[in-house]
Amino acid sequence: MEPRDLGPAAGRTINDIGHDIGRRSWELGREPEMKPGNQQPLLPSLRLDELLDELQVRLQAVLSTRDRVYALLEAVVSVGSSLELEVLLRSIVQTAVSLVDAEYGAMGVIGDGGELAEFVPVGLTAEQIAAIHHWPEGKGLLGLLITEPHPLRLEDIGHHPASFGFPEGHPPMRSFLGVPIKIRGEVYGNLYLTQKRGGSQFDTEDEAVVIALAAAAGVAIENARLYDEARRQQRWLSATAQVQQHLLSGAEPADALAMITEKALEITGADLVMVSLPIDQGEQVRVEHAAGAGADQALGIVVPMPGSITEQVITKAERVTVPDHGSDERVSSDARDRLRLGPMVIVPLGAPGNVRGVLSAGRRPGSPPLPEVAAEMLATFAAQAAIALELAEHRRQAEQMAVFEDRDRIARDLHDLVIQRLYATGMSLQGAMSMIKAPAAADRISKSVDALDDTIKEIRSAIFALQAHPDATANSLRARILYVAQEMAPALGFAPSLRLEGALDTLVPADIAEHMLTALREALSNAARHAAASRVDVTVLVDRELELTVRDDGVGFAPGGRRSGLGNLTERAAALGGSLVVESAEGAGTELTWRVPLSAQDAED
């Protein structure tokens with residue numbers, strides 16, 4: 001620390017000044033010496049007043065230096081007391097501004113690419129901040145401090161050759177003092193101080209004070225970063241454990257993916273996190289789950305898979321970083337319009353060759369990108385979650401196999417025991433009819449035999465349904481009907497009853513089967529949304545024509561009160577030469593019958 005400029009007394013110590021004052025005082029105490037022939041006393045030129053003034057100046061300088069050292073020590077203690085990184089950075093800037101009596105101050109945090117990743121200003125009002133066209137980007141004079149991290153003190157910023165000028169709306173600034181903040185030998189950022197109050201310039205003492213503060217700030221920032229990383233690791237371990245426990249306890253994959261989205265938002269510090277899954281045999285991708293700012297706008301976004309960032313992540317099973325979501329050409333226009341995002345990280349949800357989807361974490365436009373440690377943690381979390389999903393899938397498959405084996409056993413018992421006994425009972429009743437003379441009794445037995453036949457048909461339909469495994473017989477129409485019924489059960493609040501008759505898997509062409517499944521799904525969807533029913537019966541019959549009947553006991557609707565989607569079903573049936581009939585009355589439920597012929601001749605008839 002260099003001494004202040006104290007004029008002619010510079011370089012003299014307080015002891016020297018005290019010695020001079022003592023000598024002058026001794027000389028003044030002696031009797032004046034008389035020269036021969038001269039009656040005037042020979043008084044030396046007195047400099048006592050000058051020496052006292054010099055001593056006062058020196059004492060004031062010592063007191064000022066002491067006060068400044070105390071202020072610096074208090075500042076060092078103050079900046080080291082906080083472990084919240086954002087609070088700490090602002091506190092460092094505010095302390096530096098106070099120590100050197102600057103009007104403005106800021107800290108620029110250097111990112112991975114050598115540019116300013118974060119800028120923390122102090123001294124600007126909200127109106128001044130709003131008027132600035134854009135934050136500094138690490139160019140010009142600030143860029144010089146990044147490439148050459150050494151203290152820099154200027155009388156006028158505009159006169160430096162590297163000065164890049166101020167953005168539009170920026171307040172005028174002249175004097176400048178910049179000091180780097182280093183952590184373990186690496187530059188973390190820079191302290192910028194401008195416009196010393198009173199119109200004076202920053203001196204060497206100001207520079208020394210800020211350098212000392214920057215050294216203490218580097219230690220405090222490192223402690224805050226370690227603390228923040230430890231907390232993030234703890235949150236990551238907790239989130240991973242919760243997701244695995246949730247999945248292995250029997251939760252549905254959709255619930256698990258929703259939890260993964262919430263936990264990823266928590267551990268990364270992103271503004272928006274999304275889970276996107278492929279649909280339409282991988283031709284498109286849809287945002288199925290979202291958490292954070294703008295989650296409602298993100299849900300349901302569908303974009304083409306070919307040429308997208310998602311395709312790259314799924315195909316290569318690798319992380320992709322997007323510097324600016326709003327300007328990247330690989331992002332669809334719909335996604336850009338609905339999502340206001342800047343930097344984004346996208347990671348695969350699964351291992352290579354078995355990627356289920358992607359997990360995306362983004363920040364608002366203008367925000368710094370996610371730290372590398374957060375991006376790596378996101379990728380690791382997604383991989384762990386995908387493993388848990390895989391384990392849960394295997395567990396569900398094992399449970400389904402146990403259920404299927406049990407259903408096969410029940411189907412065999414129904415076929416080998418129940419149907420055979422019912423068939424034998426019917427044959428016995430038919431044989432006894434010839435011995436009955438009363439016509440009324442014979443008619444009653446005949447109806448009983450017909451009821452047994454109907455019961456046998458229903459049991460056979462139940463056997464077909466029990467033996468239909470959706471995962472193992474994906475091409476079976478019976479299995480697909482059962483799958484649609486199971487799919488719509490949560491929306492209905494109960495499972496619809498099924499009655500399937502005829503050779504559905506052999507007589508129904510594939511195109512007609514697709515139309516019938518669409519009609520079934522639409523009918524069950526309408527019942528779930530509008531009927532308020534407690535029971536829904538589905539019957540599918542096939543002979544010379546395919547007939548689908550969906551009957552509910554709901555509120556019904558008045559004639560002419562058509563439901564959404566019925567017009568489309570009518571057109572589908574008409575295109576196949578068939579028809580759609582809807583019978584309903586208020587309070588009496590609804591019955592929908594969708595019928596199409598199975599041959600061209602039947603269609604002409």
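Residues numbered from 1 in each chain as written. Predicted model: local features only at pLDDT ≥ 70, side-chain atom pairs only at ≥ 80, totals over all residues. Heavy atoms only, no water.

1. Here we look at the sheet that holds strand β12 (residues 497-501)
Going by this rule: Two strands are counted as paired when DSSP detects at least two bridges linking them. Segments assigned H or I by DSSP are reported as helices when at least four residues long, segments assigned E as strands when at least two residues long, and all are numbered from the N terminus. Fitted lines through C-alpha atoms give the axes, limited to the stretch in contact for helices. The angle between two N-to-C directions lies from 0 to 180 degrees. By definition in these notes, contact holds between two residues if any of their heavy atoms fall within 4.5 Å.
In space, the five strands of this open sheet follow the order β12-β13-β14-β16-β15, with mixed pairing throughout. Looking at the sheet topology across the chains shown, the edges are occupied by β12 and β15 (579-584). On average, each strand axis in the sheet is inclined to that of its neighbour by 10 degrees, with strand direction left out of account. Pairing geometry for β15 and strand β16 (residues 590-597), over six bridges, is antiparallel. From the neighbouring strand, glutamate 583 faces β16, where its bridge partner is glutamate 591. In this fold helix α13 (residues 477-492) packs onto β12 and β13 (536-542), with an angle of close to 165 degrees to the strand it touches most, β12.

2. Some remarks on empty space enclosed by the protein
Over the atoms rolls a probe the size of a water molecule, and its path tells where empty space is left. Just so we agree on the cut-off: With a 1 Å grid spanning the protein atoms alone, the term cavity applies to any set of points in which a 1.4 Å probe fits but cannot get out, the term pocket to an open set with protein on both sides within 12 Å along at least five of seven lines, and the term lining residue to any residue with an atom within 4 Å of a point. Grid points are joined across faces, edges and corners, and a volume is the space filled by probe spheres set on the points. Note on residue classes: Ala, Val, Leu, Ile, Met, Phe, Trp, Tyr, Cys and Pro are nonpolar, Asp, Glu, Lys and Arg are charged, and everything else, Gly too, is polar.
Taken as a whole, this structure holds one cavity of 30 Å³ or more when the rule is applied. Its boundaries defined by the atoms lining it, the largest cavity holds a volume of some 170 Å³. Residue lining of the largest cavity: 15 residues in total, with Asn526, Ala527, Asp552, Phe557 and Thr590 positioned closest to the centre. Of all elements in the fold, only α15 (510-531), β14 (545-552) and β16 reach the threshold of two or more residues within the lining of the largest cavity. Counting residues per element, the lining of the largest cavity draws most heavily on α15, which supplies five residues. Here the lining of the largest cavity is composed, by residue class, of nine nonpolar, four polar and two charged.

3. Here's the deal with the environment of glutamate 207
With respect to the element layout, glutamate 207 can be found in helix α6 (residues 204-248). Placed 107 residues apart in sequence, glutamate 207 and valine 100 show a C-alpha to C-alpha distance of 8.5 Å. Apart from the residues within four sequence positions on either side, glutamate 207 is in contact with Pro151, Arg153 and Leu177.

4. Digging into the pairing of strand β7 (residues 284-292)
With eight bridges connecting them, strand β6 (residues 272-279) and β7 associate as antiparallel partners. Looking at β7, one finds that leucine 272 is bridged to glycine 292. The hairpin turn running from β6 into β7, its antiparallel successor, is four residues long, and aspartate 280 in that turn takes a positive phi close to 55 degrees. Where β7 and strand β8 (residues 302-304) come together, three bridges link them in antiparallel fashion. Counterpart to arginine 286 in the pairing with β8 is valine 302.

5. Thoughts on the sheet that holds strand β10 (residues 344-351)
Strand order across the open sheet formed by six strands is β8-β7-β6-β11-β10-β9, with antiparallel pairing between neighbours. The sheet is open, and its two borders are formed by β8 and β9 (320-322), each paired with just one other strand. Here the average twist between neighbouring strands, direction ignored, is 25 degrees. Of the strand pairs in this sheet, β6 and strand β11 (residues 354-362) are connected by five bridges, and their pairing is antiparallel. Looking across to β11, one finds that valine 273 is bridged to alanine 361.

6. What about the packing of α13 against α15?
Formally: For this classification, under 35 degrees means roughly parallel, over 145 means roughly antiparallel, 65 to 115 means roughly perpendicular, and everything else is oblique. Here is the rule for handedness: rotate from the far helix to the near one, and if that takes an anticlockwise turn smaller than a right angle the crossing is left-handed, while a clockwise turn gives right-handed.
Running from amino to carboxyl end, α13 crosses α15 at an angle of 15 degrees, the nearest separation of the two axes being 10 Å. As summarised for this structure, α13 and α15 are arranged roughly parallel, according to the angle between their axes. Seen from above, α13 lies across α15 with right-handed handedness. Contacts between α13 and α15 involve Leu477, Arg480, Ile481, Val484, Ala485, Glu487, Met488, Ala491 and Leu492 on the former and, on the latter, Ala513, Glu514, Met516, Leu517, Leu520, Arg521, Leu524, Ser525, Ala527 and Ala528. Among the residues making up the contact of α13 with α15, the classes are represented as 14 nonpolar, one polar and four charged.

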